[in-house]
Amino acid sequence: GDGNGDSEATAYVITTTEGLDYLAQKVNGGATYLNKFFKLGADITYDKNTPNNYTPIGNSYNPFCGTFDGQRHTISGININNTTAEYQGVFGFIAGTVENLVVSNCSIVARSDVGAIAGYLATATIENCSVSNNVILSGNIYVGGIVGASSKGTIKGCVSAATITGKKIGSNTFCLGGIVGATLSDSKVIDNLF
């Protein structure tokens, strides 16, 4: 889009799979986007018949630190099947804000920290997001309908109808949740429905 990302009014607008993939590439390469704003300007649909067609935005080395407003648009068709992967979701690892995003018709199978909106929150906020009933999430450690695991995160006003499955491997801790798989250190989970 033609925004500069410096305010909500001039947010970068993403309308295509290419735009979302580019954001992932930039964030995972080290661009934090602290104090920058992004919004979806359209529904975005990936081809679900293509395996591993999506790379989550942000990882544990390079979290997404900006604000992402889905404007109630839907991201659908994500197909991730990687049983060794961690931090899987539309966002992998966030230290910012994601709001008003809808996720539909996705399948995410990974090892740990699996959530439709985000794999992991670190002092981050997810608000007013929803996940439809044709979303399948599976993993071995932390799996949640909205977020896999949260440390000092806030998850507020979210709804998830995702199907969540998991299989414990060895002596790993195993946590599944309708909204969040594991709330670690001082997280808040407020007014959510599942």
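Colleague: Any chance you could explain the overall build of the protein here in plain terms?
Modeller: Regarding its fold elements, the protein presents one helix and 24 strands. Dimensions along the principal axes, computed over C-alpha positions, put the protein at roughly 50 × 40 × 30 Å. Looking at the 194 residues of the protein, the share that counts as buried comes to 52%. Pairs at least 24 residues apart make up 83% of the contacts formed inside the protein by residues separated by at least 6 positions. Carbon and sulfur atoms provide 47% of the accessible area of the protein, an area that totals close to 8,300 Å². Counting 11 positive and 14 negative side-chain charges, the protein places the centres of these two groups 8 Å from one another.

Colleague: So what exactly am I meant to see when it comes to the packing of aromatic side chains here?
Modeller: Pairs of aromatic rings are described using the distance from one ring centre to the other and the angle between the two planes. Throughout the structure, instances matching the rule amount to nine aromatic pairs. Clustering of aromatic rings is evident, with ring pairs tying together Tyr12, Tyr33, Phe38, Phe64, Phe68 and Phe91.

Colleague: I'm lost on the nonpolar core in this one. Help?
Modeller: A general tendency of soluble globular proteins is for nonpolar side chains to be buried together. In this structure, Leu20, Phe64, Phe68, Phe91, Leu101 and Ile126 are the most contacted members of the largest nonpolar core, which totals 46 residues. Taken together, the elements giving at least two residues each to this core come down to helix H1 (17-28), strand S2 (37-40), strand S8 (91-94) and strand S13 (118-122). With four residues, H1 is the single largest residue contributor to this core. For phenylalanine 68, the residues in contact, after removing those within four places along its chain, are Ile14, Leu20, Leu23, Phe38, Leu40, Phe91, Thr97, Val98, Glu99 and Leu101. Core analysis: the next-biggest nonpolar cluster, separate from the first, contains eight residues, Phe93, Ile141, Tyr142 and Ala182 among them.

The rules behind each value
- Residues numbered from 1 in each chain as written.
- Predicted model: local features only at pLDDT ≥ 70, side-chain atom pairs only at ≥ 80, totals over all residues.
- Heavy atoms only, no water.
- Helix = DSSP H or I, 4+ residues; strand = E, 2+ residues; numbered from the N terminus.
- Buried < 20%, exposed > 50% of the residue type's maximum accessible area, 1.4 Å probe, protein only.
- Contact = heavy atoms within 4.5 Å.
- Areas by Shrake-Rupley, 256 points an atom, 1.4 Å probe, with all protein chains shown as cover.
- Lys, Arg positive; Asp, Glu negative; His and termini not counted.
- Charge placed at Lys NZ, Arg CZ, Asp CG, Glu CD.
- Phe/Tyr/Trp six-rings, centres within 6.5 Å; stacked < 30°, edge-to-face > 60°.
- Core = buried A, V, L, I, M, F, W, Y, C linked by side-chain atoms within 4.5 Å.

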